[in-house]
Amino acid sequence: MDATRYLPFLGRLLIGLPFAMGGLSKLAAYGPTTAMIAAVGLPVPPLAFAVAVLVEVGGGLLLVAGYQVRLVAPALAVFCFVTAIFFHSNFADQNQMIHFLKNVMLAGGLLQIAAFGAGALSIDNRSSKGRTATGDVALAR
């Protein structure tokens, strides 16, 4: 058995769980989170809060499960990049530069997942079984 077949799952787990945990932590800190969103000048902080929680929790869990990763991973990559620009672009602060670079690196890893797929241990892989090379569902005989 090839142990490398577990690496895509491990990668999705290591990227997806922090997203889900970050979204859940936002739920426990509505006031401070919306205040931070307002402080950077984004419009309608309650809506931005809801979108952030949905993207982080939903996207993180879908990524871990390996479901629709070719759609979820690019969406999370865009979220990372936008977050880097709006919240971590004060390069005079070394900590903010580190967070900016962390978000850019996450976006890169997510784009790799989008390019190469979820891997063997995923819902995407299970649902692709029984399909032909053209993507059509094979007829049971």
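Predicted model only: the values in this text are computed from it and were never measured. (Residues numbered from 1 in each chain as written. Predicted model: local features only at pLDDT ≥ 70, side-chain atom pairs only at ≥ 80, totals over all residues. Heavy atoms only, no water.)

**Q** Any chance you could break down the packing of helix α2 (residues 30-39) against helix α3 (residues 45-65) for me, citing the residues and the numbers?
**A** With their axes 9 Å apart at the nearest point, α2 and α3 run at an angle of 110° to one another. In terms of their interaxial angle, α2 and α3 are classed as roughly perpendicular. Seen along the crossing, α2 lies across α3 with a hand that is right-handed. Residue-level inspection shows Y30, T33, T34, I37 and A38 of α2 in contact with α3, the latter providing P45, P46, A48 and F49. (Axes fitted to C-alpha atoms, helices over the stretch in contact; angles between N-to-C directions. Helix = DSSP H or I, 4+ residues; strand = E, 2+ residues; numbered from the N terminus. Parallel < 35°, antiparallel > 145°, perpendicular 65-115°, else oblique. Left-handed = near helix turned anticlockwise from the far one by under 90°. Contact = heavy atoms within 4.5 Å.)

**Q** So what's going on with a nonpolar patch on the surface? Which residues, and what values?
**A** On the surface, V40, V78, F81, V82, I85, F86 and V104 cluster together to form a nonpolar patch covering roughly 530 Å² of accessible area. Counting residues per element, the nonpolar patch draws most heavily on helix α4 (residues 69-87), at five residues. Mapped onto the secondary structure, F81 falls in helix α4. (Patch = residues over 30% accessible without salt bridge, like charges linked within 9 Å, V, L, I, M, F, W, Y side chains within 5 Å. Areas by Shrake-Rupley, 256 points an atom, 1.4 Å probe, with all protein chains shown as cover. Salt bridge = Lys/Arg side-chain N within 4 Å of Asp/Glu carboxyl O.)

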